[in-house]
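As a plain string of letters, each chain reads:
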Amino acid sequence: MSSSDIFIGEIIGTAVLILLGGGVVAAVVLKRSKAQNAGWLAITLGWGFAVLTAVYMTGSLSGAHLNPAVTVGIAIKDGDWKNVPVYFAGQLLGAMIGAALVWIAYYGQFHAHLTDPEIVGDPADKAIEGPHGGAASKAGPVLGIFSTGPEIRNVWQNLATEILGTLVLVLAVLTQGLNDSGKGLGTLGALITALVVVGIGLSLGGPTGYAINPARDLGPRIVHALLPLPNKGGSDWSYAWIPVAGPLIGGALAAGIYNIAFA
């Protein structure tokens, strides 16, 4: 795989991942969406299908990492870090493009949601309580469409949840392996990965919203900060390091376990 193939493949794949994954959250959350209030099961299945589509689409082009934690895990497993920056760049850019496309697809719904007094009320009342009381930051009523956030703000628990979820994901990817041609997961591998993501969402997604992917969280969070959305509130940057650090740690731990137990 050339660097250009990797870069283009990761942009396309991660953009599709976020378009479909963020899209299902928008569909469930936003007013005047036909899927409003469809619930957590719809979100977890939607993200699983998003992974399936994106991996199947771009596996032969870049290996369909679509996740810096997966890239780190594979790099540690193989001892090859040459293309890691290319993967990271494609993943972050693709995630930002995907988030912007969600905004375009749901443009009218975002406007209806964020101008509804029943939804936004007084923006000054949207403060998040910090771990020791007081306001940690002001998160907007649609931030969850773009990035994750905890139901209970506890740094060690939130970090541990992201580490554990990503460890399961990356170990599942590593143990099924890349195909012999080195061009990524096969069709069955894409399905297995998608089902693993659904399982993580259903079992470990409750506390933090299961980012399990630094690019998936950071890229859309940047887009949320940049988009001209009325009454959107803050982008909760005080929490933003957790869905980046936690998955990277989880991916590294998964690679260590693989090298000890499976290599």
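Only a predicted model underlies this, so the values are computations on that prediction, with no experimental measurement involved.

**With respect to the overall build of the protein**
Point 1. Per the secondary structure count, the protein includes eleven helices and two strands.
Point 2. Put simply, the protein runs from its N terminus to its C terminus through helices and strands in the order α-α-α-α-α-α-β-β-α-α-α-α-α.
Point 3. Of all 263 residues assigned to the protein, the portion counted as buried reaches 50%.
Point 4. Carbon and sulfur atoms form 66% of the exposed surface of the protein, whose accessible area is close to 11500 Å².

**Structural notes on the packing of helix α1 (residues 3–29) against helix α4 (residues 84–105)**
Point 1. At a minimum axis distance of 6 Å, the contact between α1 and α4 shows a crossing angle of 35°. Crossing of α1 against α4: the hand is right-handed.

**Focus on the nonpolar core**
Nonpolar side chains tend toward joint burial in soluble globular proteins.
Point 1. Counting residues in each nonpolar core, the largest one holds 52 residues, and the members touching the most others are Leu 17, Trp 47, Phe 110, Val 142, Ile 145, Phe 146 and Leu 229.
Point 2. Looking at this core element by element, the count peaks at eight residues for α1.
Point 3. When residues no more than four places from it in sequence are discounted, the contact partners of Trp 47 are Leu 17, Ile 18, Gly 21, Gly 22, Val 24, Val 25, Tyr 210 and Arg 216.

**Digging into a nonpolar patch on the surface**
Point 1. Together, Phe 7, Ile 8, Ile 12, Met 57, Leu 93, Ile 97, Leu 101 and Ile 104 line one region of the surface with nonpolar side chains, adding up to about 640 Å² of accessible area.
Point 2. Taken together, the elements giving at least two residues each to the nonpolar patch come down to α1 and α4.
Point 3. With four residues, α4 is the single largest residue contributor to the nonpolar patch.
Point 4. Counting through the fold element by element, Ile 97 comes out in helix α4.
Point 5. Relative accessible area serves as the criterion here: at 34%, Ile 97 is assigned to the partly exposed category.

**Things to note about the confidence of the model for the protein**
Point 1. A residue-level look at the protein finds 89% of positions with pLDDT of 70 or above and a mean pLDDT of 91.
Point 2. The low-confidence segment residues 126–137 (pLDDT under 50) makes 26 contacts with residues lying over four places distant or belonging to another chain.

**What to know about the packing of α4 against helix α10 (residues 214–226)**
Point 1. Between α4 and α10, whose axes approach to 8 Å, the crossing angle comes to 50°. Here α4 is positioned oblique relative to α10, judged by the angle of their axes. Our pair here, α4 against α10, has a crossing hand that is right-handed. In this structure, α4 uses Gln 91, Leu 92, Ala 95, Met 96, Ala 99 and Ala 100 to contact α10, whose residues at the interface are Ala 215, Leu 218, Gly 219, Pro 220, Ile 222 and Val 223.

**Some points on the side chain of Glu 10**
Point 1. Relative to the assigned elements, Glu 10 resides in helix α1.
Point 2. Within the local environment of Glu 10, its side chain forms a polar contact with the backbone nitrogen of Leu 66, the two atoms lying 2.7 Å apart.
Point 3. Setting aside anything within four residues of it in sequence, one finds Glu 10 in contact with Ala 15, Ser 62, Ala 64, His 65, Leu 66, Asn 67, Tyr 87, Gly 90 and Gln 91.

**Describing helix α2 (residues 40–62)**
Note that an α-helix has 3.6 residues per turn; residues three or four places apart therefore point the same way.
Point 1. The end-to-end C-alpha separation of α2 is 31 Å, in line with the 33 Å expected for 23 residues at 1.5 Å each.
Point 2. Residues Ile 43, Thr 44, Gly 46, Trp 47, Gly 48, Ala 50, Val 51, Ala 54, Val 55, Thr 58, Gly 59 and Ser 62 constitute the buried set of α2.
Point 3. Remark: Gly 63 follows α2 within two positions and exhibits a positive phi of approximately 90°.

**Some details on the packing of aromatic side chains**
Point 1. Throughout the structure, instances matching the rule amount to four aromatic pairs.
Point 2. Considering the side-chain rings of Trp 103 and Tyr 107, the 5.8 Å spacing of their centres and the 65° angle between planes classify their relative orientation as edge-to-face.

**A look at the side chain of Asn 83**
Point 1. Considering the arrangement of structural elements, one finds Asn 83 in the loop between α3 (68–78) and α4.
Point 2. Only 3.4 Å separates the side chain of Asn 83 from the side chain of Ser 3, close enough to count as a polar contact.
Point 3. Setting aside residues up to four positions removed in sequence, Asn 83 forms contacts with Ser 3 and Ile 6.

**Points about the environment of Pro 150**
Point 1. Among the secondary structure elements, Pro 150 is positioned in the loop between α7 (143–146) and α8 (155–176).
Point 2. In the structure, Pro 150 is positioned 58 residues away from Thr 208 in sequence and 4.0 Å away in space, judged by C-alpha atoms.
Point 3. Contact partners of Pro 150, with chain neighbours within four places excluded, come to Asn 158, Pro 207, Thr 208 and Tyr 239.

**Let's talk about the pattern of salt bridges**
Point 1. Under the definition given, this model contains four salt bridges.
Point 2. The residue Asp 236 makes a salt bridge to Arg 153 at a minimum N-O spacing of 3.1 Å. With Asp 236 in the loop between α10 and α11 (242–261) and Arg 153 in the loop between α7 and α8, this residue pair connects regions lying 83 residues apart in the sequence. Of the two residues examined, Asp 236 and Arg 153, each falls in the buried class.
Point 3. Here Arg 221 makes a salt bridge to Asp 217, at a shortest N to O gap of 2.7 Å. Of the two residues, Arg 221 and Asp 217 are both situated in helix α10; the distance of four residues between them amounts to about one turn of the helix. Neither residue differs from the other here; Arg 221 and Asp 217 are each classed as buried.

Conventions we followed
- Residues numbered from 1 in each chain as written.
- Predicted model: local features only at pLDDT ≥ 70, side-chain atom pairs only at ≥ 80, totals over all residues.
- Heavy atoms only, no water.
- Helix = DSSP H or I, 4+ residues; strand = E, 2+ residues; numbered from the N terminus.
- Buried < 20%, exposed > 50% of the residue type's maximum accessible area, 1.4 Å probe, protein only.
- Areas by Shrake-Rupley, 256 points an atom, 1.4 Å probe, with all protein chains shown as cover.
- Axes fitted to C-alpha atoms, helices over the stretch in contact; angles between N-to-C directions.
- Left-handed = near helix turned anticlockwise from the far one by under 90°.
- Core = buried A, V, L, I, M, F, W, Y, C linked by side-chain atoms within 4.5 Å.
- Contact = heavy atoms within 4.5 Å.
- Patch = residues over 30% accessible without salt bridge, like charges linked within 9 Å, V, L, I, M, F, W, Y side chains within 5 Å.
- Salt bridge = Lys/Arg side-chain N within 4 Å of Asp/Glu carboxyl O.
- pLDDT = per-residue confidence, 0-100.
- Parallel < 35°, antiparallel > 145°, perpendicular 65-115°, else oblique.
- Polar contact = N/O pair within 3.5 Å; in protein donor to acceptor, adjacent residues only side chain to side chain.
- Expected span 1.5 Å × (residues − 1).
- Phe/Tyr/Trp six-rings, centres within 6.5 Å; stacked < 30°, edge-to-face > 60°.

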